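A structural walkthrough
Residues per chain, in single letters:
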Amino acid sequence: MATEGNFYSWLVGWVKIILPMLALALLSTLFLFARSPSETSGIPLAQLEELAREQQITAPQFSGVTDDGSVIAIAAKNAKPDAANPQNLLVENFSFDMDATDGTTLNITSGMSVLNSVTRTARLNGLSRVTTSSGYTMETVGISANLRTGEIVSDGPLAVRAPFGELSAGKVRISVSSDGTGQQMVFTQGVRLLYTPEMTQP
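Quick summary incoming for the structure in this document.

Parameters at a glance
- Residues numbered from 1 in each chain as written.
- Predicted model: local features only at pLDDT ≥ 70, side-chain atom pairs only at ≥ 80, totals over all residues.
- Heavy atoms only, no water.
- Phe/Tyr/Trp six-rings, centres within 6.5 Å; stacked < 30°, edge-to-face > 60°.
- Helix = DSSP H or I, 4+ residues; strand = E, 2+ residues; numbered from the N terminus.
- Buried < 20%, exposed > 50% of the residue type's maximum accessible area, 1.4 Å probe, protein only.
- Core = buried A, V, L, I, M, F, W, Y, C linked by side-chain atoms within 4.5 Å.
- Contact = heavy atoms within 4.5 Å.
- Pairing = 2+ DSSP bridges.

Turning to the packing of aromatic side chains, a few remarks are in order. Summed over the entire model, instances satisfying the criterion amount to one aromatic pair. Here the aromatic rings of Tyr136 and Phe164 are separated by 6.1 Å at their centres, their planes lie at 75°, and the arrangement is edge-to-face. Pair noted here: Tyr136 is in the loop between β9 (121–132) and β10 (137–146) and Phe164 is in the loop between β12 (158–162) and β13 (165–169), with a separation of 28 residues, a long-range link. Taking relative accessible area as the criterion, Tyr136 reaches 14% and is therefore assigned buried.

This is the structure in structure tokens:
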């Protein structure tokens with residue numbers, strides 16, 4: 001399938017970037033420890049070990065297509081492998097954009113996030129902001145994004161500014177409808193709405 005091809009292309013792209021960086025790190029480490037004892041680098045040994053261990057990719061970005069044909073694009077300030085789970089990439093200043101087939105768009109920004117190459121999911125930790133072309137702006141702590149289907153689910157309470165006013169809810173699920181009618185947002189768990197009617201012109 002096309003989506004599988006996109007996924008493997010993305011994975012191969014990451015491998016082509018990460019493996020040369022790791023090789024460079026090993027060569028740099030050999031060079032540093034091959035220097036004579038009289039030469040000093042001016043950097044503490046503990047810091048050198050940290051630099052050799054904490055390899056990261058600067059400004060990574062990639063794009064793909066979901067099952068329904070929506071185009072997603074992901075970018076970050078930097079990314080590095082997760083030592084605890086090789087399937088994960090830890091990313092900083094995460095940005096997620098989705099252009100649906102009906103022309104609607106969605107953007108999510110967050111701080112530290114986790115991308116999983118096997119499940120094709122993004123786990124956004126900390127404060128996250130969601131903005132849609134339909135006029136919604138939401139803030140919440142913790143979001144899960146499915147990169148295969150384009151579905152977005154919040155973990156907990158969120159504050160929302162909407163075209164018709166403000167609302168709060170315990171959870172939101174955002175998906176793209178299969179019938180081409182656009183984004184579907186379902187708010188649940190204690191929804192409260194403050195309706196602000198439009199000002200009428202004299």
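Attention shifts here to the nonpolar core. Of all hydrophobic cores here, the largest spans 32 residues; its most connected members are Phe94, Phe96, Ile108, Leu115, Met138 and Phe187. In this structure Leu115 touches Phe62, Ile74, Gln87, Asn88, Leu89, Val91, Phe94, Thr121 and Ala122, once residues within four positions along its chain are discounted.

Right, let's get into the environment of Thr131. Mapped onto the elements, Thr131 comes out in strand β9. Owing to a relative accessible area of 32%, Thr131 belongs among the partly exposed residues under this scheme. Apart from the residues within four sequence positions on either side, Thr131 is in contact with Thr105, Leu106, Asn107, Tyr136 and Thr137.

Before going further, it helps to spend a moment on the pairing of strand β5 (residues 85–92). Relative to β5, strand β4 (residues 78–82) runs antiparallel, the two sharing five bridges. If you follow Lys80 over to β5, its bridge partner there is Leu90. In textbook terms, the turn of a hairpin is the stretch between consecutive antiparallel strands, and for β4 and β5 this stretch comprises two residues. In terms of strand pairing, β5 meets strand β8 (residues 113–116) through four bridges, oriented antiparallel. Note on β8: the bridge partner recorded for Asn88 is Asn116.

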